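Coordinate inspection notes
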Amino acid sequence: MKKEMETRYSPKEIENKIYSAWMESGSFKGEVDSKKEPYCIVIPPPNITGQLHMGHALDNTLQDILIRYKRMSGHSALWQPGTDHAAIATEVKIVKMLAEKGISKDDLGRDGFMEKAWEWKEEYGGTIIGQLKKLGASCDWDRERFTLDEGLSDAVLETFSKYYEKGLIYRGAKLINWCPTCMTTISEAEVEYEEKAGHMWHIKYPRVDGNGYVEIATTRPETMLGDTAIAVNPKDERYTDLVGKNVIIPIVNREIPVIADNYVDMEFGTGCVKITPAHDPNDFEVGLRHDLEQINVLTDDGYINKNGGKYEGQERYECRKNLVKDLEDLGVLVKITDHVHNVGTHDRCHCTIEPMIKTQWFLKMSELAKPAIDVLKSGELRFHPDRFSKIYLHWLENIRDWCISRQLWWGHRIPAYYCDDCDNIMVSKEHLCTCDKCGSKNVRQDEDSLDTWFSSALWPFSTLGWPKNTEEFKYFFPTNTLVTGYDIIFFWVIRMVFSSLEFTGKVPFKDVVIHGLVRDSQGRKMSKSLGNGIDPLEEIEKYGADALRFSLIKGNAPGSDIRYYHERTEAARNFANKLWNASRFILMNVEDGKEYKGENLTMADKWILSKLNALTRNVSDHLEKYDFGICATNLEHFIWEEFCDWYIEMVKVRLYNEDDETRESAMYTLLKVLKDVLKLLHPFMPFITEEIYSSFDFGDEMVIVSEWPKFDEGLVFAKEENEIEEVKDAVKQIRNLKAEAGSPFKKTSAILITEDAELKSTFERAGKYFMLLSNTTDFKVVEKAEEREYLSIALGNGIINIPLEEIIDRDKEIERLKGEIKRLEGEIKRASGKLNNESFVSKAPEKVVNEEREKLAKYEEMFKSVEASLKKLQ
Ligand SMILES: [Zn+2]
Ligand SMILES: [Zn+2]
């Protein structure tokens, strides 16, 4: 039974209704089904603190397109959803919320804090899920997981203890990124580098042997409190005699050696650098090579500690000020210069990061990186576009051990236990109270928790039930496609690959589809500080989710950044309107319950069916290659132009004529094309296609679970395709001709003159389409032209003539041409006057003179042609 369609397409009304219908029908369910091929995508878990932004909108639209396409292509498709606890992002938020109520973390204690954090999660953690639903995401929501839920926490315990047993996890003192405000280690991913205007302080360090000074320059003078060497390049001849000698740190008055190390850049500054192993990553490495002492001068909250002598207790920047003053008084401050440098700040609190040496837990990377490199080289793992595999390889080939501990409470607590009586360290999946070495009960668990990426690294298999060997895990793993942005190839993609290879022996996914960033219309990154962010939910409210999805996809090259324009989303909404109106037109012409047969297909029917067939193959092929942008472009072109603007216009006469014997085949073709384009467009614009589909009697099923169209050899009609294209070409040319003559809507007669039998036959059979579309009242096909005045268009092997007087008003045209002749005469006179003036020709630059000559030639040419036209008319 067909249903009514509203006159106007209003996305707001249909989208919620359709989404509920999908949920109720269970269409999103990914079932273990041995008769079907599995297809699985795991969602990049959004943070529970997250709000849907344009990046999510793009990322999830791409995933939804793939899942819907595969579901319709007969796979058992599972889009596995869930959220990430986002350790530091969430903890910072909760700490801030508590601070507003005057409560600190320490007031609550660990358990009390965790209780508050879970309360927060229950209240706000689902916001982004609701927003994904607005976008149309067809995840299997019954399977939603959370990185801190029981099963995923088991997976974390399992992997931590396995790594530890293998000796891959160890505790060690290393230089890490430290946030003095949040008082935790943070990962490189959380450091934001900002160019800041600062200074370079040039300081003299006296030589112990009394032979003058060594000059160094630093951007962080307070770190000199922890200097343990001065370094020069071994090739630097200026300092050969200095190496091995000692210098004195001013004020601190500690003697430190001068060492030679290739790390030093001879061209930079004086070629002498101070080495502070405890507060700089490069210095840390130099220190290890030369066995230098590591002197930490900072407390965890950014104050100078007891190693800072008289500066102890001063805040780091206050110390800097005082120290510089003291250096100046001492006469060892040479100069202060301006210097722009890259300052690392914490992305959550914007506090300047301090590199610090801390005892932390690390995961040894060299052994784990190798198999992850191999799977890329063997092609088991593929990047789309391929150029991103370079980033993946670069990171893996230069990987350092991963610092996995964080001084946070919101996260997976490290399952390590310390015996206070015998210093025994134990790692256990179960909670321990007794030392397994000395039997003491003085056992306490490590206070730290794991880096949030440790659990998201397990996401593709932990969400499917691993470490249990569940039916889902056996059926859906390895998953098929991962869709993500290029910015987290290192932090997430690499870690999923090596974790999966280590624990399951398989790649976690076969294809990694990388997309770009969504930028503003000027190409700038959307950011809070610029205030240029566009809220996808507002766009959905205004134009509909389908329009937003379509505008994010259409025309974009794989992996490239996108500029977002409201206008594009508006255009996508207009496209939806066009489809709606065309569908409504077809619906009004369908007789309820009637089955139309395609037995009497005309040239036009065959043409559109053949085009549809090609489109089907084209869209399927490009989806398989993850080239989404071109699919959307081709779909829009076909639906809007070929189907609505050409085909529907062509068949109207047949529909309106009850006696036309091809009327039924026109209806058959309209319905067949509409049904298939709704299916092909469904992954891109799921709501409107579902709504239209359900208005027709296309069978009971919804389009979401309908069968994806297949290419059909029997529907290739090359001859008819060419013929209609020829007719279209003639129509377009005639429309142009009439428009140029100033009478775009004028009805005229037309005569095709050709000796080509094929062309003749095409236009004899297609005459009615040609006449309808080109506004022709009388059309003849002849071999020889009569002696009359015509305006002509050229086809391959013939010309079409339109009698001149039918297009233009002779008297008016004569007037216009006379005016034109007058204007040209004036121009010619002016230009030749100039060129006959000797002083112009000899004094003006050659270029100007030549330009004038060209102008004159052009005017003379135009004059001749206008004169000829005028003669013809008179
Ligand atoms: Zn911080
Ligand atoms: Zn013990």
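Brief notes about the pairing of strand β1 (residues 37-42)
The pairing of β1 with strand β2 (residues 75-80) spans 6 bridges and is classified as parallel. Following the sheet pairing, Tyr-39 is matched in β2 by Ala-77. This β-α-β element, β1 to helix α2 (residues 54-72) to β2, shows right-handed connectivity.

Some remarks on the sheet that holds strand β27 (residues 776-782)
With respect to topology, 4 strands assemble into an open sheet ordered β27-β26-β29-β28, the strand pairing being mixed. Each of the sheet's edge strands pairs with one partner strand only, and the pair in question is β27 and β28 (790-795). Taking the axes of each pair of neighbouring strands and ignoring which way they run, one obtains an average angle of 20° across the sheet. The pairing of strand β26 (residues 748-754) with β27 spans 6 bridges and is parallel. Looking at the pairing, Ser-749 lines up with Asp-778 of β27. Contacts from helix α22 (residues 718-740) reach β26, β28 and β29 (798-803), with the element oriented near 150° to β28. Packing against the sheet, helix α24 (residues 767-774) makes contact with β26, β27 and β29, and its axis sits at approximately 140° to β27.

Description of a negative patch on the surface
Together, Asp-111, Glu-115, Glu-119 and Glu-123 make up a region of like negative charge exposed at the surface. Classification of Glu-119 by relative accessible area gives partly exposed; the value is 46%.

Examining the pattern of salt bridges
Going through the model one piece at a time under the given rule, you end up with 58 salt bridges. In this structure, the salt-bridge partner of Lys-162 is Glu-158, at a minimum N-O distance of 2.6 Å. With Lys-162 and Glu-158 both in helix α6 (residues 150-165), this residue pair falls 4 residues apart, about one helical turn. Under the relative-accessibility criterion, Lys-162 is labelled partly exposed at 38%. The partner of Asp-676 in a salt bridge is Lys-672, with the nearest N and O atoms 3.0 Å apart. With Asp-676 and Lys-672 both in helix α20 (residues 663-681) and 4 residues apart, the pair spans about one turn of that helix. Taking the relative accessible area as the measure of exposure, Asp-676 reaches 9% and is therefore buried.

A closer look at the coordination of the zinc ion (ligand 1)
When four donors bind a metal tetrahedrally, each ideal donor-metal-donor angle is 109.5 degrees, and when six bind octahedrally, the ideal angles are 90 or 180 degrees. Protein coordination at the zinc ion (ligand 1) comes from Cys-179 (SG), Cys-182 (SG), His-346 (ND1) and Cys-349 (SG), with a distance range of 2.0 to 2.3 Å. Around the zinc ion (ligand 1), the 4 donor atoms sit at angles spanning 103 to 115°, and that spread fits a shape best called tetrahedral. Positions of the donor residues of the zinc ion (ligand 1), expressed as sequence spacing, correspond to C-x2-C-x163-H-x2-C. Comparing Cys-179 with Cys-182, the two get one shared label, buried.

Side note on helix α18 (residues 603-624)
Between its first and last C-alpha atoms α18 spans 32 Å; for 22 residues at 1.5 Å apiece the expected length is 32 Å, and the two agree. Backbone geometry just downstream of α18 places Tyr-626 in the positive-phi region, at approximately 60°.

Regarding the coordination of the zinc ion (ligand 2)
The zinc ion (ligand 2) binds to the protein through Cys-419 (SG), Cys-422 (SG), Cys-435 (SG) and Cys-438 (SG); the donor distances cover 2.2 to 2.4 Å. Considering all 4 donor atoms around the zinc ion (ligand 2), angles at the metal cover 105 to 113° and the coordination shape is tetrahedral. For Cys-422, a relative accessible area of 28% puts it in the partly exposed group. Residue Cys-435 is classed as buried on the basis of its relative accessible area, which comes to 4%.

Points about the packing of helix α17 (residues 566-589) against helix α19 (residues 628-656)
In the contact formed by α17 and α19, the axes pass within 11 Å of each other and the chain directions differ by 25°. Put simply, α17 runs roughly parallel to α19. Where α17 crosses over α19, the handedness of that crossing is left-handed. In contact with Ala-571, Asn-574, Phe-575, Lys-578, Leu-579, Ala-582, Phe-585, Ile-586 and Asn-589 of α17, α19 contributes Leu-635, Glu-636, Ile-639, Trp-640, Phe-643, Cys-644, Asp-645, Ile-648, Lys-652, Leu-655 and Tyr-656. Across the contact of α17 with α19, the residue classes break down as 14 nonpolar, 2 polar and 4 charged.

Some words on the nonpolar core
Within soluble globular proteins, side chains that are nonpolar tend to cluster in buried spots. Ranked by size, the top nonpolar core spans 196 residues in total, and within it Tyr-392, Ile-586 and Phe-643 carry the most contacts. Here the element with the most residues in this core is α19; it accounts for 14 residues. Setting aside residues up to four positions removed in sequence, Ile-586 forms contacts with Phe-643, Ile-648, Met-667, Leu-670, Leu-671, Leu-674 and Phe-696. Of all hydrophobic cores here, the second largest spans 32 residues; its members include Ile-249, Val-297, Val-324 and Leu-327.

Examining the side chain of Gln-445
Secondary-structure assignment places Gln-445 in strand β20 (residues 443-445). Accessibility expressed as a relative area gives 13% for Gln-445, which makes it buried. Apart from residues lying up to four places away in sequence, Gln-445 is in contact with Arg-413, Ile-414, Pro-415, Ala-416, Tyr-417 and His-431.

Concerning the packing of aromatic side chains
This model, assessed by the stated rule, comprises 37 aromatic pairs. When the ring of Trp-22 is compared with that of Phe-28, the centres are 6.1 Å apart and the planes differ by 50°; the resulting orientation is tilted. The class of Phe-28 is buried, set by a relative accessible area of 4%. Their ring planes at 35° and their centres at 6.0 Å tell us that Trp-453 and Phe-491 sit as a pair that is tilted. Highlighted residues: Trp-453 in helix α11 (residues 452-456) and Phe-491 in helix α14 (residues 489-503), separated in sequence by 38 residues. Under the relative-accessibility criterion, Trp-453 is labelled buried at 17%. The rings of Phe-160, Tyr-163, Tyr-164, Trp-361, Trp-402, Phe-454, Phe-461, Trp-466, Phe-473, Phe-477, Phe-498 and Phe-503 are connected pair by pair, giving a single aromatic cluster.

A look at the environment of Val-32
Structurally, Val-32 is set in the loop between α1 (11-25) and β1. Spatially, the C-alpha atoms of Val-32 and Leu-795 are 59 Å apart, while their sequence positions differ by 763 residues.

Brief notes about the sheet that holds strand β10 (residues 246-248)
Read from one edge to the other, the open sheet built from 4 strands follows the order β10-β11-β9-β12, with strand pairing classed as mixed. A strand with exactly one partner marks an edge of an open sheet, and here the two such strands are β10 and β12 (272-275). The mean inter-strand angle of the sheet, taken between neighbouring strand axes irrespective of direction, is 35°. Both strand β9 (residues 229-232) and β12 contribute to a ladder of 4 bridges, which runs antiparallel. Across the sheet, Ala-229 pairs through a bridge with Ile-275, a residue of β12.

Thresholds, definitions, all that
Residues numbered from 1 in each chain as written. Chains lettered and ligands numbered in written order. Predicted model: local features only at pLDDT ≥ 70, side-chain atom pairs only at ≥ 80, totals over all residues. Heavy atoms only, no water. Pairing = 2+ DSSP bridges. Helix = DSSP H or I, 4+ residues; strand = E, 2+ residues; numbered from the N terminus. Right-handed = clockwise from strand over helix to strand, strands pointing away. Axes fitted to C-alpha atoms, helices over the stretch in contact; angles between N-to-C directions. Contact = heavy atoms within 4.5 Å. Patch = residues over 30% accessible without salt bridge, like charges linked within 9 Å, V, L, I, M, F, W, Y side chains within 5 Å. Areas by Shrake-Rupley, 256 points an atom, 1.4 Å probe, with all protein chains shown as cover. Salt bridge = Lys/Arg side-chain N within 4 Å of Asp/Glu carboxyl O. Lys, Arg positive; Asp, Glu negative; His and termini not counted. Charge placed at Lys NZ, Arg CZ, Asp CG, Glu CD. Buried < 20%, exposed > 50% of the residue type's maximum accessible area, 1.4 Å probe, protein only. Donors = N, O, S within 2.8 Å, 3.2 Å for Na, K, Ca; no water. Tetrahedral: all angles 85-135°; square planar, octahedral: opposite > 155°, others 65-115°. Expected span 1.5 Å × (residues − 1). Parallel < 35°, antiparallel > 145°, perpendicular 65-115°, else oblique. Left-handed = near helix turned anticlockwise from the far one by under 90°. Nonpolar A, V, L, I, M, F, W, Y, C, P; charged D, E, K, R; others polar. Core = buried A, V, L, I, M, F, W, Y, C linked by side-chain atoms within 4.5 Å. Phe/Tyr/Trp six-rings, centres within 6.5 Å; stacked < 30°, edge-to-face > 60°.

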